[in-house]
Amino acid sequence: MGDRVEDGVRRHRWIITAEKLAEHHGDDGGQLETIGEFEGTREEAERALEQAARTLAVGTFLQERRRLVYRQLDGSYLVRCTGRMGGRHSRVVRAAHLVWDSEATGGS
């Protein structure tokens, strides 16, 4: 499901998401944003995921001074950006491949 074999290579349908983390009490963490969707190999997804972590816009008004990108043990990335005025924004960037689609099976 969501897979296609092309020239002997299995290609999956991928989605890359970024989840905003709460930095302090009352912050609106937990917001999930879709960064992109594409079809490709696991290796292509890993490269796209790392690129998204390096280039993701994390704050509308944050004049970014520094960005730290950590690869987590589960393969996701933690992105921490500090602004010129001291604000900080963090996101967790993840990739997942499609394993089931109700439309493709005719069920719900």
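As a starting point, this report considers the structure included with it. In every chain, residue numbers begin from 1 and rise along the written sequence. Only residues with pLDDT of at least 70 are given local features in this predicted model, and only at 80 or more are side-chain atom pairs given and counted; all residues enter the totals for whole chains, interfaces and linings. The basis for every side-chain value is the complete set of heavy atoms in the structure, and neither hydrogens nor water enter the calculation.

**A short note on the overall build of the protein**
Just so we agree on the cut-off: Labels follow the DSSP assignment, with helices taken as runs of H or I lasting at least four residues and strands as runs of E lasting at least two, numbered in each case from the N terminus. Between buried and exposed lies partly exposed: a residue is buried under 20% and exposed over 50% of the maximum accessible area for its type, with that area taken using a 1.4 Å probe on protein chains only. By definition in these notes, contact holds between two residues if any of their heavy atoms fall within 4.5 Å.
A count of helical and extended segments in the protein gives two helices and six strands. Listing every helix and strand of the protein by position from the N terminus yields β-β-β-α-β-β-β-α. Counting every position in the protein, which comprises 108 residues, the buried fraction comes to 26%. Counting contacts in the protein only where the partners sit at least 6 residues apart, residues at least 24 apart contribute 44% of the total.

**Section: the pattern of salt bridges**
Just so we agree on the cut-off: The salt bridge definition used is simple: a Lys or Arg side-chain nitrogen within 4 Å of an Asp or Glu carboxyl oxygen.
Within the structure shown, the criterion is met by six salt bridges. Between Arg13 and Glu37 there is a salt bridge, with its nearest N and O atoms 3.6 Å apart. Linking Arg13 in strand β2 (residues 9–21) with Glu37 in strand β3 (residues 32–40), this pair joins segments that are 24 residues apart in sequence. The exposure class assigned to Arg13 is partly exposed, which follows from its relative accessible area of 32%.

**Comments concerning the environment of Thr82**
Secondary-structure assignment places Thr82 in strand β5 (residues 77–83). Taking the C-alpha atoms as reference points, Thr82 and Arg66, 16 residues apart in sequence, are found 5.3 Å from one another. Setting aside its immediate chain neighbours within four residues, Thr82 contacts Leu62, Gln63, Glu64, Arg65, Arg66, Gly87 and Arg88.

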